Amino acid sequence: MAEAHSDRLSVLTDRMLDSYCDLEIIGHLDRNPLPGIEAVVEIARELKQLLFPGFHQRLTLRECDAVDFVATRLSSVHERLSEVIACTLSYADEAQEYAAITDESSADDAQEPDVLARTESIVHEFLLALPRIRCLLATDVQAAYNGDPAAQNADEVVCCYPGLEAIVHYRLAHELHRLGVPLVPRMITEWAHSRTGIDIHPGARIGPGFFIDHGTGVVIGQTCEIADHVTLYQGVTLGALSFEQDESGNLVRGTKRHPTIERKVVIYANATILGGHTVVGAHSVIGAGVSVTRSVPPSTVVTIEKPSLRFREAS
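Residues numbered from 1 in each chain as written. Predicted model: local features only at pLDDT ≥ 70, side-chain atom pairs only at ≥ 80, totals over all residues. Heavy atoms only, no water.

## What to know about the packing of aromatic side chains
- Taken as a whole and judged by the stated rule, the model has two aromatic pairs.
- Centre to centre, the rings of F52 and F55 are 6.3 Å apart; their planes meet at 85°, and the pair counts as edge-to-face.
- By relative accessible area, F52 is classed as buried at 8%.
- Under the relative-accessibility criterion, F55 is labelled partly exposed at 29%.
- Taking the centre distance of 4.9 Å and the plane angle of 15° together, the rings of Y233 and Y268 count as stacked. Taken as a pair, Y233 in the loop between β6 (231-232) and β7 (237-239) and Y268 in the loop between β9 (266-267) and β10 (272-274) lie far apart in primary sequence, 35 residues in all.
- Residue class for Y233 comes out buried when judged on its relative accessible area of 18%.
- Look at Y268 and you get partly exposed, because its relative accessible area is 36%. (Phe/Tyr/Trp six-rings, centres within 6.5 Å; stacked < 30°, edge-to-face > 60°. Buried < 20%, exposed > 50% of the residue type's maximum accessible area, 1.4 Å probe, protein only. Helix = DSSP H or I, 4+ residues; strand = E, 2+ residues; numbered from the N terminus.)

What follows is the structure, given as structure tokens:
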């Protein structure tokens, strides 16, 4: 019995190894390691503690302890983030040069100083941006409080609103994306997506005072541009109308595919706005369930004509 089990296990092992060779696209053997999602999530948690002091600690954070708190958290984030970014930069360099490398060990040794220097520069710039990110998030919290009569105070917004949770992670991820960090920004926003049901690509550009009410099912594409004081409700999609292909049938990347939303626009539930050339003008309102594929002039209300309702007595 044991011998038969061992034989079956040996056969299965061989089949799995064969699949590693046949399906290399979903394998990562003999290459630089990738960061684990747990490490990235832990960094995001520590950053939230810095951005919202006193909200996400188990013990009371007193003002007299703030200096030590900030210094300790910054040191921890610096160390953790440096490790993760160095890992992803090495991965990205290897991915670009993988086919041309003849001596992998010497290539890695040659790249290491450059990777470390780039990592230190990126981490430094990112940490310097945290006060600016805090200022942006303060406008987002205020927008949520001003826009939702159910909010009792700003603390409730910070503690309870999934829209703000998604925006916090987006703003952190966007800064890393802007600094050229591969992979990690998507890991951050996709983790927030799994928690909130709100999908914001870190490449999107979003101004201050951004409010997502309820939020489940919101999708914001990579090349979206959203100005200040825009409000979205649940189920809104800011997406691509089509995907351009090259002569070989491959998708063309890096083009403007998603809409531009100008300042003080309100987009109600389940509305869909598509296309890189689509611009929704300032102070416009897009009604629930509307599908828009062409630009909307400023100060315009776009709605679907309401269908007539018929009531009859139940049989």
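Having seen the model, we can carry on.
## Re the packing of helix α5 (residues 130-147) against helix α7 (residues 162-178)
- Orientation of α5 relative to α7, taken along the N-to-C sense of each, is 150°, at an axis distance of 11 Å. In this view, α5 runs roughly antiparallel relative to α7, as classed from their interaxial angle. Both α5 and α7 take part in a crossing whose hand is right-handed. Taking contact as the criterion, the partners of L130, R132, I133, L136, L137, D140 and V141 in α5 are, on α7, L164, I167, V168, R171, L172, E175 and R178. (Axes fitted to C-alpha atoms, helices over the stretch in contact; angles between N-to-C directions. Parallel < 35°, antiparallel > 145°, perpendicular 65-115°, else oblique. Left-handed = near helix turned anticlockwise from the far one by under 90°. Contact = heavy atoms within 4.5 Å.)

## Points about a nonpolar patch on the surface
- A cluster of nonpolar side chains, namely L9, L12, M16, L17, Y20 and L29, defines an oily patch on the protein surface of about 580 Å² accessible area.
- Along the chain, M16 turns up in helix α1 (residues 2-22).
- Using a relative accessible area of 41% as the deciding quantity, one classes M16 as partly exposed. (Patch = residues over 30% accessible without salt bridge, like charges linked within 9 Å, V, L, I, M, F, W, Y side chains within 5 Å. Areas by Shrake-Rupley, 256 points an atom, 1.4 Å probe, with all protein chains shown as cover. Salt bridge = Lys/Arg side-chain N within 4 Å of Asp/Glu carboxyl O.)

## Overview of the confidence of the model for the protein
- Scored by pLDDT, the protein has a mean of 91; 93% of the residues are at 70 or more.
- Low confidence marks residues 99-111, where pLDDT is under 50. Its contacts with residues over four positions away, or in another chain, come to six contacts. (pLDDT = per-residue confidence, 0-100.)

## Side note on unusual backbone geometry
- With a phi angle near 65°, H214 is a residue other than glycine that sits in the positive phi range.
- By the element assignment, H214 lies in the loop between β3 (211-212) and β4 (219-220).
- The class for H214 is exposed, based on a relative accessible area of 52%.
- A positive phi is found at N270, a non-glycine position, where the angle reads about 65°.
- Residue position: N270 is located in the loop between β9 and β10.

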